[in-house]
Amino acid sequence: MGRNVKPETGITTHPQVIAAAIDAFREAGANVAVGESPITGVTMVDAFESGGITTVAKIRNCPLIDMDVRRYVTCEIPAGIAMKSLKVCREVTEYDIIVSIPVMKTHMHTGVTLSVKNMKGCLWRRSKVDFHMLPQLPGHEEKPLDIAIADLSSVLLPHLSIIDGTIGMEGLGPSAGKPKPLGVVLVGVDAFATDSVACAIMGISAHDIPHLRIGSQRGYGVIDIDSIAVYPQNWKDVQDTFVLPPEELSIEFSGFTVLDQQSCSACQSTLLMFLRQYGQQLSDSKSDDKDITIAIGKGHEELPIGTLCVGNCTAKHKNCRKFVSGCPPVSSEILSMFNDDRSSPHPE
Ligand code: SF4
């Protein structure tokens, strides 16, 4: 729910799924609240409103928790490899039962985003961004982001997962993909198993999703589809293959030169999204007609002076040029770099 978008875009959870969940838990005798922490640059008040959550909550007199304005508690991760502690909204530790209600989506950085990864929404403010700022871990092939999500799941697993596949998203998820109407809602008590079944419906093996594979190997849940009891028996009838995020993107944008040497899809898609969102505006505000040069990927020997280096793979060049850290980096950090010093990214 942490984005300022309308319902039925496939980006945020459908308000009717939230409404049904509130009603079902109330009927079972629970005191229910709905909480979320938004992405950077969005306020939860706006996101609740535009996503239709304010309306369904108001009708039901159900409290909404803006996790960004509440106090946080620090939660240690004894088994953490990439993350050793988390800042978690205090209410998450106080309620008896936490239910994760994500949309069924592919994700350009993590393959899919389902009920395990959705728990990032319990993190306080910009501490969510820390997951994208981690260096590659020596001795680990997986991206630090995937290892960090598995770390998170060692201390922050939902008690129940409800995956909203009424309208999912395929391709360049979590927000630039195509809505995928499926008319399906999945419910499960093992978040890894529920995500694994969602993956199977999407035509994806959970073993190919790094954070699910790492977490299941550590024993946080089951992803082997043959070991999971799924009802009804004919559940495979709803299978409908989702288009995966592209492995490689060709990034061309007027006013920009993108130097890409051995980058991965996470940096490519972040940069593509960034340029789609801010490229025109930045290009229009240039003081000259020279292209803005941006580099991604680990294969650069030399870069033109003034190149904006994006992502930890370009870190070796950061001492002499503008640099945005992150693996993958996040759009808001790239934009901050332009706002800090608009002239620097231009070739000199
Ligand atoms: S290309 Fe970007 S996302 Fe991929 S490993 Fe390098 S910094 Fe990380």
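Please read all numbers here as calculations on a predicted model, not as lab measurements.

Cut-offs and rules
Position labels on residues start from 1 in each chain and follow its written sequence. Confidence filtering applies because this is a predicted model: local features only for residues at pLDDT of at least 70, side-chain atom pairs given and counted only at 80 or more, and all residues used for totals across whole chains, interfaces and linings. Strands are runs of DSSP state E lasting at least 2 residues, helices are runs of H or I lasting at least 4, and numbering of each runs from the N terminus. Atoms counted for the radius of gyration: C-alpha only. Globule rule: 2.2 Å times the number of residues to the power 0.38. Any two strands between which DSSP finds at least two bridges are classified as paired. Contacts here follow a simple rule: the backbone-placed C-beta atoms of the two residues must lie within 7 Å. Working convention: axes come from line fits to C-alpha atoms, limited for helices to the stretch in contact. Angles between N-to-C directions cover 0 to 180 degrees. Buried Ala, Val, Leu, Ile, Met, Phe, Trp, Tyr and Cys residues form a nonpolar core when they are connected through C-beta atoms within 7 Å. A residue is called partly exposed when the number of other C-beta atoms within 10 Å of its own lies between 12 and 20, exposed at 12 or fewer, and buried at 20 or more, with C-beta atoms placed from the backbone. Domain start and stop positions are those given by an automatic or database domain assignment. All amino acids are sorted into three groups, where Ala, Val, Leu, Ile, Met, Phe, Trp, Tyr, Cys and Pro are nonpolar, Asp, Glu, Lys and Arg are charged, and the leftover types, Gly among them, are polar. Every helix has an expected span of 1.5 Å times one less than the residues it contains. Each crossing gets its handedness from the near helix: less than a right angle anticlockwise from the far helix is left-handed, clockwise is right-handed.

**A closer look at the overall build of the protein chain**
Per the secondary structure count, the protein chain includes 9 helices and 13 strands. Computed over its C-alpha atoms, the radius of gyration of the protein chain comes to 21 Å, within 12% of the 20 Å expected for a compact globule of 348 residues. Judged by the C-alpha coordinates and their principal axes, the protein chain covers about 65 × 40 × 40 Å.

**Digging into the sheet that holds strand β12 (residues 308-310)**
Note: strands within a sheet are paired through backbone hydrogen bonds, in either parallel or antiparallel orientation. The strand order across the open sheet built from 4 strands is β10-β11-β12-β13, with neighbouring strands paired in parallel fashion. What marks the edges here is a single partner per strand, and that holds for β10 (256-260) and β13 (323-324). Of the strand pairs in this sheet, β10 and strand β11 (residues 292-296) are connected by 5 bridges, and their pairing is parallel. If you follow T257 over to β11, its bridge partner there is T293. Across the sheet, helix α8 (residues 265-284) touches β10, β11 and β12, and the angle it forms with β11 is around 165°.

**Here we look at the nonpolar core**
Note on soluble globular proteins: their nonpolar side chains tend to be buried together. Membership of the largest hydrophobic core comes to 61 residues, with the highest contact counts inside it found for I18, V88, C122, A148 and A198. Counting residues per element, this core draws most heavily on helix α6 (residues 191-201), which supplies 7 residues. When residues no more than four places from it in sequence are discounted, the contact partners of V88 are Y72, V73, C75, T93, C122, L123, W124 and L156. The next biggest cluster of nonpolar side chains, apart from the first, holds 22 residues, and it includes M108, L272, I292 and I296.

**Quick notes on the domain arrangement of the protein chain**
Put simply, an interface is often sized by how much accessible area is lost when its parts join up. Annotation of the protein chain at the domain level lists domain 1 (15-238) and domain 2 (256-340). Taken over C-alpha atoms, the centre of domain 1 sits 29 Å from the centre of domain 2. Contacts between the two partners involve 15 residues from domain 1, matched on the other side by 12 residues from domain 2. Along the lines of polarity and charge, the residues of the side of domain 1 that touches domain 2 split into 9 nonpolar, 5 polar and 1 charged.

**Quick word on helix α5 (residues 144-155)**
Over its 12 residues, α5 runs 17 Å from end to end, which matches the ideal 16 Å to within 8%, given 1.5 Å per residue. Taken residue by residue, α5 has P144, L145, D146, I147, A148, I149, A150, D151, L152 and S153 as its buried positions. Those residues of α5 hidden inside the fold are in contact with β4 (85-89) and α7 (210-217).

**Examining the packing of α6 against α7**
At a minimum axis separation of 11 Å, α6 and α7 run at an interaxial angle of 145°. Handedness of the α6/α7 crossing: left-handed. Counted together, F192, D195 and S196 of α6 and L212, G215 and S216 of α7 form the full contact between these two elements.

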